[in-house]
Amino acid sequence: MQLATVTLGILLPLAVVGGYWLATTSFQGKAWLEGILALPLVLPPTVIGYYLLIAMGGHTWVGQFYEQVMGNTLAFSFTGLVIASIIFNIPFAVQPIQRAFEAIPHNLREAAQCCGMTFGQTFLRIELPLAWPGLLSAAVMTFAHTLGEFGVVLMVGGNIPGETKTVAIAIYDKVQSFEHTAAGGMALLLLSISLITIGISYGWTTRLTKRWERP
Amino acid sequence: MSLFLELHNDAPLLNFHAEIPSDRITALLGPSGSGKTSILRAIAGLSKCKQEVVRFAKETWSDSTTGLHLPTRHRPVGLVPQHYALFPHLTALENVTMALLALPTPERQQRALECLGLVHIAELKNRYPHELSGGQKQRVALARAIAKQPKVLLLDEPFSAIDYSTRKHLYVELLRLHETLSATIVLVTHDLEEAAQLTSYMCLLHQGRLVQAGETEEVLTHPICEEAVRLLDIPNLFDGRVEWVNDQPCLHWGTYTLQLPPGQLQPSDPVRWAIQPANVLMVRPDKPWSNHLENPILTQVIEVIKLGSDTLVWLAPTEMPETRLQMRLPIRAVHRYAIAPNQNITVCLRGTDVIVLATCGHE
């Protein structure tokens, strides 16, 4: 839960900026950039986990710098786990937000300009409220996905109780040690949290978009 | 105090130079793809042309030679886009207040309500756009456009998605609003009737070019070239030749000779000429024949088609049976004189109604 909350808190504002930028600009190589950002959707989690583990290890300047400053390794720490989780969740956060901003008709932005609205006023009063269902989807997907993530977390975070052990890994541990009742309880907890968040998200999204339909 | 425009662009093609009079309603009239909306967007500053000068009174809004391009939000313009572009998550009142963000909140609300009142929909202030009809949306868009008291109001085919009766009602309201606001209004339309009813100045456009500009009445009744005649949908377009006989210009049309009023006409090679169907005048059978009739031509009725309160009558001059001349008559006249195919009738083509056309430079 802590990992999911921290990931969401850091990733969502970044995804709003990135998603808006991707939705409103066009440049050479944009398709490649979008492809790179979507890689976590298609790559096996262990592959991403492996590269992140290498990048955070003591043989790279990133790992060495972190170790010098903080006194411990980035890999197998909560900070390392958050970084890995943010990278792995990029497509789940950016894509719904990008699509939401793309869906705003261009003539609304032009109408805002003709009203004399500044860029900031247009963003806060017109674009952000209209993209709200996309932001909600992004938040729910990121949160639920982090809760259930297994491969990357295990590779980068290891399985350190109180530091990098997540519910998903705990379930695996319990099954390995034949504690099926505990595993079942935790699985039910994850299932309930995921179902409730997705249910609320879908409900709100439908309500909001229905309210604005036939613009 | 006029709106001066000089716009040149490759895509979309634009080669437009005109001076739009202030405090009047001006029509930008032309078929789809003639560059009307591009001109409106250039005035608003929503798009840049390769070469452009946009100047209102002494204020320059765009000048490509100096690189000046005043951002849209700093231009004193109001825009009603084709599909209104109302903010769907805001009520009618909130939509209007978006144009008044520079004012303090209480003043903003009051001014927005005043604007909704001006277009007679103050009672719908709490409705969202999807709860409004086409005509009501158009009024909200109009209220939003006039809220910041623009010097130039731009209307991009605002009546195209509205039913006929609502449209007629809105025409009257626009004219009333214009009297109240005294703003320069530029109306983009492809509807000839709409332009004739609402505007006092007209720019006729084709393929991004200005074909003719002038007082609406003058443009409609005296198109200057064949291209303008085609854009105004005047079907009576013929070949002829101008000659001076006894200090009087005459137009030779096949075997007929039409007397023209003295003017600037010069003897010429073959010319094209036109006449409005409404200006083909039927000589009443009950009226005795006399010499005062101008350019009488005996014709045979070929076809009669009733079109609303008017009737279109196709005639063949007896001396040129292959030629078709269209006449527009009120339906009551057709009934009174029992106009029917194969009947012979005399029409007169007054010299002042005959439009001898210049050759358009781009044809």
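Note that the coordinates shown come from a computational prediction; the quantities given were computed from them, not determined experimentally.

Right, let's get into the interface of chain A and chain B. Counting residues at the interface gives 21 residues for chain A and 21 residues for chain B. Here chain A and chain B share an interface that buries about 2,100 Å² over both sides, 64% of which is from carbon and sulfur atoms. Where chain A touches chain B, the interface holds 1 salt bridge. The tally of links between chain A and chain B comes to 3 residue pairs in polar contact (both at pLDDT 80 or more). Of all elements in the fold, only α6 (106-114), α7 (119-148) and α10 (180-212) of chain A reach the threshold of two or more residues within the side of chain A that touches chain B. It is α6(A) that contributes the most residues to the side of chain A that touches chain B, 7 residues altogether. Split into classes, the residues belonging to the side of chain A that touches chain B amount to 11 nonpolar, 5 polar and 5 charged.

All names here are of chain B. The 5 strands lie next to each other as β14-β13-β12-β15-β21, forming an open sheet whose pairing is antiparallel. Every other strand in the sheet has two partners, leaving β14 (256-259) and β21 (355-357) as the edge strands with one partner each. Averaged over all neighbouring strand pairs, the angle between strand axes comes to 45°, with direction disregarded. Pairing of strand β12 (residues 237-245) with strand β13 (residues 248-253), which is carried by 5 bridges, proceeds in the antiparallel orientation. Looking across to β13, one finds that Trp244 is bridged to Pro249.

We now examine the packing of helix α3 (residues 45-56) of chain A against helix α5 (residues 78-102) of chain A. Residues and elements named next belong to chain A. At a closest axis distance of 11 Å, the pairing of α3 and α5 adopts a crossing angle of 135°. In terms of their interaxial angle, α3 and α5 are classed as oblique. By crossing handedness, the relation of α3 to α5 is classed as right-handed. On the side of α3, the interface is formed by Pro45, Ile48, Leu52 and Met56, while α5 contributes Gly80, Ile83, Ala84, Ile87 and Phe88. A breakdown of the residues in the contact of α3 with α5 according to their chemical character gives 8 nonpolar, 1 polar and no charged.

With that out of the way, let us pick up the nonpolar core. Of all hydrophobic cores here, the largest spans 69 residues; its most connected members are Phe101(A), Phe87(B) and Leu155(B). The greatest single-element share of this core, amounting to 9 residues, is contributed by α5(A). Residues contacting Phe101(A), with those up to four places away along its chain left out, are Val16(A), Gly19(A), Tyr20(A), Ala23(A), Arg109(A), Phe123(A), Glu127(A), Leu128(A) and Ala131(A).

Right, let's talk about unusual backbone geometry for a bit. Looking along the chain, the bond that leaves Ala11(B) and enters Pro12(B) is cis, with omega of -5°. Along the chain, the position of Pro12(B) falls in the loop between β1 (3-9) and β2 (14-20). With phi around 60°, Phe178(A) is a residue other than glycine that occupies positive phi space. Looking at where Phe178(A) falls in the secondary structure, it is placed in the loop between α9 (167-176) and α10. A residue is classified by how much of its surface remains accessible, and Phe178(A), at 67% relative accessible area, is exposed.

This part is about the state of the cysteines. In the structure shown here, the tally under the stated rule is 0 disulfides over all chains. Of all cysteine sulfurs, the one in Cys115(A) lies closest to Cys114(A), which takes part in no disulfide; the gap is 7.2 Å. A relative accessible area of 6% means that Cys114(A) is categorised as buried. The closest cysteine sulfur to the non-disulfide-bonded Cys348(B) is located on Cys250(B), 16 Å from its own sulfur.

All names here are of chain B. Position of Asn9 relative to the elements: it lies in strand β1. You can call Asn9 buried: its relative accessible area is 14%. There is a polar contact of 3.3 Å between the side chain of Asn9 and the backbone oxygen of Ala11. Beyond its immediate stretch of four places on either side in the chain, Asn9 contacts Leu14, Cys49 and Lys50.

What follows deals with the sheet that holds strand β19 (residues 325-330) of chain B. Each strand in a sheet pairs with another by means of backbone hydrogen bonds, the pair being arranged parallel or else antiparallel. Residue and element names in this part refer to chain B. Across the sheet, which stays open at both edges, the 5 strands sit in the order β16-β20-β17-β18-β19 with antiparallel pairing between neighbours. Among the strands making up the open sheet, the edge pair consists of β16 (280-282) and β19. Averaged over all adjacent pairs, the angle separating strand axes in this sheet is 50°, with direction ignored. Two elements, strand β18 (residues 310-317) and β19, share 6 bridges in a ladder whose sense is antiparallel. By the bridge assignment for β19, Leu315 is matched with Leu325.

Rules of the game
- Per chain, residues are indexed from 1 in the order of the written sequence.
- Labels follow written order: the first chain is A, the first ligand is 1, and so on.
- Owing to the predicted nature of the model, reporting of local features is limited to residues with pLDDT of at least 70; listing and counting of side-chain atom pairs is limited to 80 or more, with chain, interface and lining totals taken over all residues.
- In computing side-chain properties, one takes all heavy atoms of the structure into account and sets aside hydrogens as well as water.
- Contacts are residue-level and defined by heavy atoms, with any inter-residue pair within 4.5 Å sufficient.
- Buried area: the sum, over both parts, of the accessible surface (1.4 Å probe) that disappears when the two are put together.
- Here, a salt bridge means any side-chain nitrogen of Lys or Arg that lies within 4 Å of a carboxyl oxygen of Asp or Glu.
- In protein, a polar contact requires one atom able to donate a hydrogen and another able to accept it; more generally it is a pair of N or O atoms within 3.5 Å, and residues adjacent in sequence count only if both atoms are side-chain atoms.
- Only runs of H or I of at least four residues qualify as helices and only runs of E of at least two qualify as strands under DSSP, and these elements are numbered from the N terminus.
- When residues are sorted by character, Ala, Val, Leu, Ile, Met, Phe, Trp, Tyr, Cys and Pro go into the nonpolar class, Asp, Glu, Lys and Arg into the charged class, and all the rest, Gly among them, into the polar class.
- Two strands qualify as a pair provided that DSSP identifies no fewer than 2 bridges between them.
- Each axis is a line fitted through C-alpha atoms, taken for helices only over the stretch in contact, and angles between the N-to-C directions span 0 to 180 degrees.
- Note on terminology: angles under 35 degrees are roughly parallel, angles over 145 are roughly antiparallel, angles of 65 to 115 are roughly perpendicular, and the others are oblique.
- Left-handed is the label given to a crossing in which the near helix is rotated counterclockwise from the far helix by less than a right angle, and right-handed is the label when the rotation is clockwise.
- Among buried residues, the Ala, Val, Leu, Ile, Met, Phe, Trp, Tyr and Cys ones that are joined through side-chain atoms within 4.5 Å form a nonpolar core.
- The cut-offs for exposure are 20% and 50% of the maximum accessible area for each residue type, with area from a 1.4 Å probe on protein chains only; residues under the lower value are buried, those over the upper are exposed, and the others partly exposed.
- Any pair of cysteine sulfurs within 2.5 Å is marked as a disulfide.

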